Amino acid sequence: MYLGTVEEGLTQRGKDVIKHTPMGRFGKAEDLLGCVRWLLGDGAEFVTGITVPVDGGFLTLGGV
């Protein structure tokens, strides 16, 4: 149990991750859809070799 479970709650590490995430929650699979739509669309046709963090702002606060 690295970050915790719904039944047992968050571990201290899980709490630290949420505390360092400006969006205040863990990501869901659906959160990737906007980025995927952009990458598949015309707006990204000249984009190559990048990393797009879809992390609710976690990296902006230095992580845990």
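Residues numbered from 1 in each chain as written. Predicted model: local features only at pLDDT ≥ 70, side-chain atom pairs only at ≥ 80, totals over all residues. Heavy atoms only, no water.

Enquirer: Please clarify how the layout of surface pockets should be interpreted in this entry.
Expert: If a probe the size of a water molecule is rolled over the atoms, the empty space left behind becomes visible. By volume, the largest pocket amounts to about 200 Å³. Around the largest pocket, the lining residues are Val17, Thr21, Met23, Arg25, Phe26, Gly27, Asp31, Val54, Asp55, Gly56 and Phe58. The residue inventory of the lining of the largest pocket, partitioned by class, reads five nonpolar, three polar and three charged. (1 Å grid on protein atoms, 1.4 Å probe; cavity = no way out; pocket = protein on both sides within 12 Å on 5 of 7 lines; lining within 4 Å. Points joined across faces, edges and corners; volume = space filled by probe spheres on them. Nonpolar A, V, L, I, M, F, W, Y, C, P; charged D, E, K, R; others polar.)

Enquirer: Any chance you could explain the environment of Phe26 here in plain terms?
Expert: With respect to the helices and strands, Phe26 occurs in the loop between α1 (12-19) and α2 (33-40). Between the C-alpha atom of Phe26 and that of Gly43, which follows or precedes it by 17 residues, the distance is 27 Å. Contacts of Phe26, omitting those with residues within four sequence positions, involve Leu3, Leu10, Gly14, Val17 and Ile18. (Helix = DSSP H or I, 4+ residues; strand = E, 2+ residues; numbered from the N terminus. Contact = heavy atoms within 4.5 Å.)

Enquirer: Sorry if this is basic, but what is going on with the pattern of salt bridges here?
Expert: Pairing is possible between side chains that carry opposite charge, provided their charged atoms lie close to one another. The full count for this structure, using the stated rule, is two salt bridges. A salt bridge links Lys19 to Asp16; its shortest N-O distance comes to 3.9 Å. Separated by three residues within a single helix, Lys19 and Asp16 lie in helix α1, roughly one turn from each other. Across the salt bridge formed by Arg25 and Asp31, the nearest N and O atoms sit 2.9 Å from each other. (Salt bridge = Lys/Arg side-chain N within 4 Å of Asp/Glu carboxyl O.)

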